[in-house]
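Topology and contacts: notes
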Amino acid sequence: MLTTLKTSYTDTRAADLAWALGREPLPALAVLDLELSGAKLQLRLLGASHQVLLDEDGRHCSETVACMQGSSTPLPLGVSKRVGAWEYEFGARVETLTPGAFAGRAQELLALVTDHPNGLAGTFPGSPHAFTAMLAQRHEGQVRWRTWHAYPQEGQLVVTRTRIGARMPATL
């Protein structure tokens, strides 16, 4: 699903993004509710940020990546922790691209997410390459999502990946 977000571009730098678990739902500009094999997932676009709410078997998890007032937790490269009975893993990276490469990558990602039944993307007025996109799936008992936060004025794309679910057995 692709939507044009009716707001100004509020998170203006990739470096301003912060990460948090367990926050209450924040006001959203666009929402996609999904049911993935018994897991209820809500993808939420918050300006150039995102929030994911997961409910399954009476357990809850909330992930927020946004510019958050008073937050001292910058966007980490990686997090692995227990959330109740779940294993939670988060990773982030920043890609810096030339203007031409950025435009091509933006078009590719928006096409991928727009055409996917578990995808949500929002573009911002003023730049066709200013967007936030999210894509979710269920795989081997885990819920997974990826997000892309585009900052065309910096030529930067913040890419995150998350997986949460029952602990996966170690492979030898």
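For the structure, check the block above.
Residues numbered from 1 in each chain as written. Predicted model: local features only at pLDDT ≥ 70, side-chain atom pairs only at ≥ 80, totals over all residues. Heavy atoms only, no water.

Turning next to the packing of aromatic side chains. Following the criterion strictly, the structure yields two aromatic pairs and no others. Pairing W19 with F90 gives two aromatic rings, centres 5.9 Å apart and planes at 35°, and the pair type is tilted. Linking W19 in strand 2 (residues 18–21) with F90 in strand 8 (residues 86–96), this pair joins segments that are 71 residues apart in sequence. For F90, a relative accessible area of 1% gives the class buried. Through a chain of ring-to-ring contacts, three or more aromatic side chains come together here, namely W19, Y88 and F90. (Phe/Tyr/Trp six-rings, centres within 6.5 Å; stacked < 30°, edge-to-face > 60°. Helix = DSSP H or I, 4+ residues; strand = E, 2+ residues; numbered from the N terminus. Buried < 20%, exposed > 50% of the residue type's maximum accessible area, 1.4 Å probe, protein only.)

Moving on to the pairing of strand 11 (residues 142–151). Of all 10 residues in strand 11, nine are buried; the element is thus mostly enclosed. As defined by bridge partners, strand 10 (residues 127–139) adjoins strand 11 across eight bridges and the pair is classed as antiparallel. Note on strand 11: the bridge partner recorded for M134 is T147. Counting the residues that bridge the hairpin from strand 10 to strand 11 gives two residues, and of these E140 lies at a positive phi of roughly 50°. Here strand 11 pairs with strand 12 (residues 156–165) via 10 bridges, running antiparallel. Note that in strand 12 the partner of H149 across the bridge is V158. In textbook terms, the turn of a hairpin is the stretch between consecutive antiparallel strands, and for strand 11 and strand 12 this stretch comprises four residues, one of which, G155, has a positive phi near 70°. (Pairing = 2+ DSSP bridges.)

Counting 32 residues, the largest nonpolar core has L41, L43, L54, Y88, V143 and I164 as its most contacted members. Apart from residues lying up to four places away in sequence, I164 is in contact with L54, C61, W86, E87, Y88, Q142, V143 and W145. L110, V113, A121 and F131 belong to the second-largest nonpolar core, a separate cluster that totals 13 residues. (Core = buried A, V, L, I, M, F, W, Y, C linked by side-chain atoms within 4.5 Å. Contact = heavy atoms within 4.5 Å.)

Turning to the pattern of salt bridges, a few remarks are in order. Under the defined criterion, the tally for this structure stands at seven salt bridges. A salt bridge links E56 to R138; the shortest N-O distance between them is 2.9 Å. In this pair, E56 sits in strand 5 (residues 49–56) while R138 sits in strand 10, placing the two residues 82 residues apart along the sequence. According to the relative accessible area criterion, R138 is partly exposed, its value standing at 26%. A salt bridge links E108 to R105; the shortest N-O distance between them is 2.8 Å. A residue pair is termed a helical-turn pair when its members lie 3 or 4 positions apart in one helix, as E108 and R105 do in helix 1 (residues 99–114) at three residues. Several salt bridges converge on common partners, so that one network encompasses R93, E95, R105 and E108. (Salt bridge = Lys/Arg side-chain N within 4 Å of Asp/Glu carboxyl O.)

Geometry only, nothing functional implied.
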